[in-house]
There are 2 protein chains.
Amino acid sequence: MAGREMKKPTAAEARLRPDLLGVIGGMGPLATVDFLSKLIALTPAEKDPDHVPVIVSSEPQIPSRPRAYFDPDDNPSPLHAIRARRDMLLGAGAQCLVMPCNTAHYWYEELTGDCPVPFIHIVEATQAELRRRNINGGVLGLIGTEATLAGGLFERPLAEAGYICIQPEDGVMQASVRPGIDLVKRHNTADAEPYFRRAVQHLLDRGAAVVILGCTEVPAGLPMTDQWIAENCVDPTAALAKAALDWAEKVRRDLTFD
Amino acid sequence: MAGREMKKPTAAEARLRPDLLGVIGGMGPLATVDFLSKLIALTPAEKDPDHVPVIVSSEPQIPSRPRAYFDPDDNPSPLHAIRARRDMLLGAGAQCLVMPCNTAHYWYEELTGDCPVPFIHIVEATQAELRRRNINGGVLGLIGTEATLAGGLFERPLAEAGYICIQPEDGVMQASVRPGIDLVKRHNTADAEPYFRRAVQHLLDRGAAVVILGCTEVPAGLPMTDQWIAENCVDPTAALAKAALDWAEKVRRDLTFD
C-alpha cells in the first residue's frame, strides 16, 4: 500500500458519539452546574458509561444579555461570544446543543440559522413539561429577568398555546426577584431562597396554577425536591435536561434498532 | 491591501483567554459536577465574568480505570480515551488541565509527557491543602477505590513528605467504601452518606488525624459543609478546585502587572 498512510483520527473523531450533547453554559456558571446535576439525576444509570456524554463551555466572559436586550446601541451583543462557544462545541463533536440560560434565547434564531445539529429551545422544553403535568391552559405565573419578561420569551409562545402568563408586580421584581438572582450569581443560594419563595407565593396569590421559574438562576437557588416548590413551580432547567435526555435516548434507540 | 485577506478567527481564537481551564471529567459525571460546584463556591465573584472560564469533557464512555489497573492484560486501557478528551480540550484552547478522578492519575505521566500546558496533579493539590491546614506529618486516613489504595497513588508521595497513611480494613472496604461509591455512581448520595461516615470514623478510631477522601465519588456523596466532616476530612476535589483557582488568579495577576 505504498503511498497510502493511515491518517491519525482527530480528537473529535476518536470520541465521536451520536449522542454527544454540547452545553453552551456560563450564563451563569451555577445555572450550568444545575443543568448538569439535573441531567445526571434524571438519567437512569447504573454505571458511569450509562450517562449522556456531555461537553460544556462554561466561559462566562459573555456580554450581558439583559443590557444588550434593553440598550443594544450602547452595549455589545452577546451573539459573537455565544456563537464562538457554539462553534467550539460543534468542532469538538457535539451532535445536539442546549443553552441553560433563558434570556440568551433571544438570539436563538441567529444561533440556529446556520447550525448543523438540533438546538433544543428551553421554552419548547418547558411547554413539553407543562403537557407532561397535564397543564394544558389557564393562568401561569412567570418569574424571570426583566429582559425575559419584557421580551415575551415565554409569554408569546405560551399565549399561542392557550396559556395566560402573569408576571410579578414591579415592586416584587425589585424587592424579591432581582435580589434573589443577584445572590445566586454570587453563589449565595441559601439567602436567595426566601426571596424566590415570596415571588412564587405572590404569583400563586394572583391566580397562577403554577409558576415558571424562567431564569436559570432561580431553580439553581431553590431546593427543587421541596414538595411545595415541586408542586407549585415548573423548572425550565430540569425541563431542558429532560429534553436533552430524551434526545440522547432516542438517538441510542434508533441506533440499536436500525 | 490587494492579495491580503482577513483570516476569520477560529472558534478557539475568538474565545482564547490565558486563564481558560480544561476539565477532563466524566469519571464519574457527578464528581465532575462536584468539582465545578466547588470551583464556583471558592471563587470570589460578584458577577458572571468574575468566574474562571472552564471547558469540560464529561464523556464517561472511558474504559474502567480500576479494571485496567488490576487486570491490564484482559481490559482496555483508559489512556487512549482520556488522551482524546485531553486533546479536544487543548484544541478548544485550554491553558491548564485538571482531572477530577483520583484513580485516573495512574496514567498522569503518559498524559503529561507531551502536554503543552500545566496539568495539576490531584495529589499535589491535596498536599497543598494539608499544608494550609498545618498538618505537616503524622497519621492520615485514606479512603479510595481499591486501585487507588493498592497502587499507593497518595501513599507514596505522602510517605516521602513524612506522613503515614492508613487504609480501611478489608471488611470496611467491602461493607462501607465500595457500596458508598457505587451508590454515588447511581446518583444516590443520600444513601451513600452513612457508609462514608462509618469508613471515616473507622480510620479516626485507628488514629488518623484526618481522613483523605481519595475517590472523587466520596466527597460528592458527603455534605462537606457539615462541621464534623469539614474538621475530620480532607477533600481532594476541593483541593483541586483551589489549585485551579490559584492558577487562574496567578495568570490574571501576571497579566495585570506585566
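This text goes with the structure placed above it.
Residues numbered from 1 in each chain as written. Chains lettered and ligands numbered in written order. Predicted model: local features only at pLDDT ≥ 70, side-chain atom pairs only at ≥ 80, totals over all residues. Heavy atoms only, no water.

Draft legend 1. Representation of unusual backbone geometry in the model. Residues and elements named next belong to chain A. The amide bond that connects Met-27 to the next residue, Gly-28, takes the cis arrangement and shows omega of -10°. Note on placement: Gly-28 falls in the loop between β1 (21-24) and α2 (29-42). Unlike most non-glycine residues, Asn-134 shows phi in positive territory, near 65°. Of note, Asn-134 is situated in the loop between α6 (122-132) and β4 (138-143). Judged by relative accessible area, Asn-134 falls into the exposed class, the value being 62%. (Helix = DSSP H or I, 4+ residues; strand = E, 2+ residues; numbered from the N terminus. Buried < 20%, exposed > 50% of the residue type's maximum accessible area, 1.4 Å probe, protein only.)

Draft legend 2. Region of the structure containing the sheet that holds strand β5 (residues 163-166) of chain B. Residues and elements named next belong to chain B. With parallel pairing, the 4 strands of this open sheet are ordered in space as β5-β4-β6-β7. Of all the strands in the sheet, just β5 and β7 (233-234) have a single pairing partner and so form its edges. The pairing of strand β4 (residues 138-143) with strand β6 (residues 210-213) spans 4 bridges and is parallel. Bridge pairing in β6 places Gly-141 opposite Val-211. (Pairing = 2+ DSSP bridges.)

Draft legend 3. A look at the relation of the copies chain A and chain B. Laying chain A over chain B is done by rotating through 180° and shifting 0.0 Å along the axis; what remains is an RMSD of 0.0 Å. As the rotation angle and translation indicate, the two copies are arranged about a two-fold axis. The rotation axis passes nearest to the C-alpha of Val56(A) in chain A, at a distance of 2.5 Å. Here 100% of the interface residues in chain A have copies in chain B that are interface residues too; the copies meet face to matching face. (Least-squares fit on C-alpha atoms with pLDDT ≥ 70 in both. Contact = heavy atoms within 4.5 Å.)

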